[in-house]
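Listed here are the chains, written in short residue letters.
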Amino acid sequence: MKKHYQHSPWVQPARLIAQLGFLAFASFAAWRHQKLGGGPDGAVSVDALCPFGGLEALFKFVSSGEFIQRLNTSDFVLLAGTVALALVLGRYFCGWICPLGTLQELARKIGQKLFRKVQLSVPTMLDKPLRWLKYVVLAWALVFTWKTGSLIIRPYDPWAAYAHGFAGWNEMWSEFAVGSSILFASLLIGLFVDRVFCRYLCPLGAFLGIVSKLGLFSIKRNGESCLACNKCEKTCPVTIPIMAAPAVRSAECIGCLTCTTTCPTGKRGTEHEGQTFLLPAIAGKQICPAVIGWAGLVIFLGMIATAQFAGYWRTQPASISAALTSEGRLDAQAIRGYMTLEEIAKTYSVELGKLYRELGFSEQQVPATTRCKEIRTLLGDSGAEFDTQNVRDAVSRLQDPQHN
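The text that follows walks through the structure, step by step, so that each part is easy to find. (Residues numbered from 1 in each chain as written. Predicted model: local features only at pLDDT ≥ 70, side-chain atom pairs only at ≥ 80, totals over all residues. Heavy atoms only, no water.)

### Some remarks on a nonpolar patch on the surface
Move 1: On the surface, Leu 58, Phe 59, Phe 61, Val 62 and Trp 146 cluster together into a nonpolar patch covering about 450 Å² of accessible area.
Move 2: In this structure, Val 62 sits in helix H2 (residues 51–64). (Patch = residues over 30% accessible without salt bridge, like charges linked within 9 Å, V, L, I, M, F, W, Y side chains within 5 Å. Areas by Shrake-Rupley, 256 points an atom, 1.4 Å probe, with all protein chains shown as cover. Salt bridge = Lys/Arg side-chain N within 4 Å of Asp/Glu carboxyl O. Helix = DSSP H or I, 4+ residues; strand = E, 2+ residues; numbered from the N terminus.)

### Here we look at helix H10 (residues 177–190)
Move 1: Its 14 residues give H10 an end-to-end C-alpha distance of 19 Å, which sits within 8% of 20 Å, the value for a rise of 1.5 Å per residue.
Move 2: Elements that come into contact with the buried residues of H10 comprise helix H5 (99–114), helix H8 (158–164), helix H9 (169–175) and helix H11 (196–200). (Expected span 1.5 Å × (residues − 1). Contact = heavy atoms within 4.5 Å.)

### Here's the deal with unusual backbone geometry
Move 1: Here Thr 239, not a glycine, exhibits a phi torsion of approximately 50 degrees, which is positive.
Move 2: One can find Thr 239 in the loop between helix H13 (231–235) and strand S2 (247–248).
Move 3: Judged by relative accessible area, which is 43%, Thr 239 ranks as partly exposed.
Move 4: A positive phi angle is found at Leu 257, which is not glycine, with a value near 65 degrees.
Move 5: Within the secondary structure, Leu 257 sits in the loop between S2 and helix H14 (258–262).
Move 6: Accessibility expressed as a relative area gives 2% for Leu 257, which makes it buried. (Buried < 20%, exposed > 50% of the residue type's maximum accessible area, 1.4 Å probe, protein only.)

### Topic: the environment of Ile 68
Move 1: On the secondary structure map, Ile 68 appears in the loop between H2 and helix H3 (73–89).
Move 2: Along the primary structure Ile 68 and Gln 333 are separated by 265 residues, whereas in three dimensions their C-alpha atoms are 12 Å apart.
Move 3: Excluding residues that lie within four positions of it along the chain, Ile 68 makes contacts with Glu 56, Ala 57, Lys 60, Thr 145, Gly 149, Ser 150 and Leu 151.

### A few points about the packing of aromatic side chains
Move 1: Taken as a whole and assessed by the stated rule, the structure comprises 19 aromatic pairs.
Move 2: Between Phe 59 and Trp 146, the aromatic rings sit 5.8 Å apart at their centres with planes inclined by 25 degrees, giving stacked as the arrangement. Pair noted here: Phe 59 is in helix H2 and Trp 146 is in helix H7 (residues 133–148), with a separation of 87 residues, a long-range link.
Move 3: With a relative accessible area of 44%, Phe 59 lands in the partly exposed category.
Move 4: When the ring of Phe 361 is compared with that of Phe 386, the centres are 5.9 Å apart and the planes differ by 70 degrees; the resulting orientation is edge-to-face. A residue pair is termed long-range when its members are at least 10 positions apart, and Phe 361 in the loop between helix H18 (352–359) and helix H19 (375–379) and Phe 386 in the loop between H19 and helix H20 (388–399) qualify at 25 residues. The same class applies to Phe 361 and to Phe 386, which are both buried.
Move 5: Taken together, the ring pairs connect Phe 22, Phe 93 and Phe 300 into an aromatic cluster. (Phe/Tyr/Trp six-rings, centres within 6.5 Å; stacked < 30°, edge-to-face > 60°.)

### Side note on the pattern of salt bridges
Move 1: Counted by the stated rule, this structure contains eleven salt bridges.
Move 2: A salt bridge links Arg 108 to Asp 194, with the nearest nitrogen and oxygen atoms 3.6 Å apart. With Arg 108 in helix H5 and Asp 194 in the loop between H10 and H11, this pair connects stretches of sequence that are 86 residues apart.
Move 3: Residue classification places Arg 108 among the buried positions, given a relative accessible area of 10%.
Move 4: Taking the shortest distance from any N to any O, the salt bridge between Asp 127 and Arg 131 comes out at 2.8 Å. Of this pair, Asp 127 and Arg 131 are both found in helix H6 (residues 124–131), four residues apart, which corresponds to roughly one turn of the helix.
Move 5: Accessibility expressed as a relative area gives 9% for Asp 127, which makes it buried.
Move 6: Each of Asp 127, Arg 131, Lys 134, Arg 199 and Glu 252 takes part in a single network of salt bridges with overlapping partners.

### Examining the environment of Val 122
Move 1: With respect to the secondary-structure elements, Val 122 resides in the loop between H5 and H6.
Move 2: Put simply, Val 122 and Thr 239 are 117 residues apart on the chain and 9.8 Å apart in space, counted from C-alpha to C-alpha.
Move 3: Not counting residues within four places of it along the chain, the set of residues in contact with Val 122 comprises Asp 127, Val 193 and Tyr 200.

### What about H18?
Move 1: Buried residues of H18: Leu 355, Tyr 356 and Leu 359, and no others. Viewed end-on, H18 has its buried residues packed into an arc of 100 degrees, placing them on one side of the element.
Move 2: Of the surrounding elements, those touching the buried residues of H18 are helix H17 (341–348) and H20.
Move 3: Taken from the residues just after H18, Gly 360 is the one with a positive phi, measuring 85 degrees. (Arc of directions from axis to C-beta.)

Written as structure tokens, this is what we have:
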């Protein structure tokens, strides 16, 4: 009896819908945060919706029970979800969920439409060493984040740059000049080369690649019946040599299933109906691509829903004091751009008038209800160099017992 389930023509459209859905949600969350600000009365930031944030925060949380600023338990839940996916379904997160990966895929689709005759590929002698860069970025980010207790990689993060783009061009480039440059460069190059950032720089992709090597997922090829049409390799967005082995367990595989859905495997109404050439496999057992697609969404969204039901899903501090507390004390360096001068003065028990004098402007120029990140705009040309660090420094001086 022939099996007809292998070929699922709707798998890639369904993947695109999932990708666009996650991108739309993440973009809306970023826009909302920029409009409402962060903190207990604001909106969740993209930092608290990042699986890599959970990995960055892990050492400090285990060693001291504290979170790195901007992060919360939601990061750990998302990290657990992506690790679970990597162990069962490989780098499914990269191929089906990651918003930055989706932006790169969209750039490539646009490039294919606009520049059909332009076919670019990275030479193998350059491609292979460049792929190791993401592991260097992973090691650097973790070592220095765990050492300093702060998000070292944040100014260089293209997704953080994208999220702050909703606050305007100046906001995007003042704090995330490097991240913005990486974002635009990867999208520009991405018009001609698939997933440049994923291949060469993404630390989360590097981490999930390592985890996936320990997992159950692979792409299994039937060498005896394979047509050697090479369609799988031609369509692979990360250029894995699929034809070189009976099973693909590469750390580079993003679990997009493009190779399996392009393969003539099991196509109805053709001479290949019921035949098996290339299919995803778990623990060596070949499985319908559609099952992989549904299973990944169930695992990931199910873990988030379970965490919310159990009360472990938290994206924001419960109070301004909680947001500002570091190692059991109020830390001026924890002041964030979404906080108002009024809130800061009250929480730190400093006189509002003294805070204004330290900052060098009046309440008539900048109302007390102004968020720190909005002060520069109100000051005009005289505040071109002003940023939240000026407020942190002013509060630190006022906290000094020797300050007059």
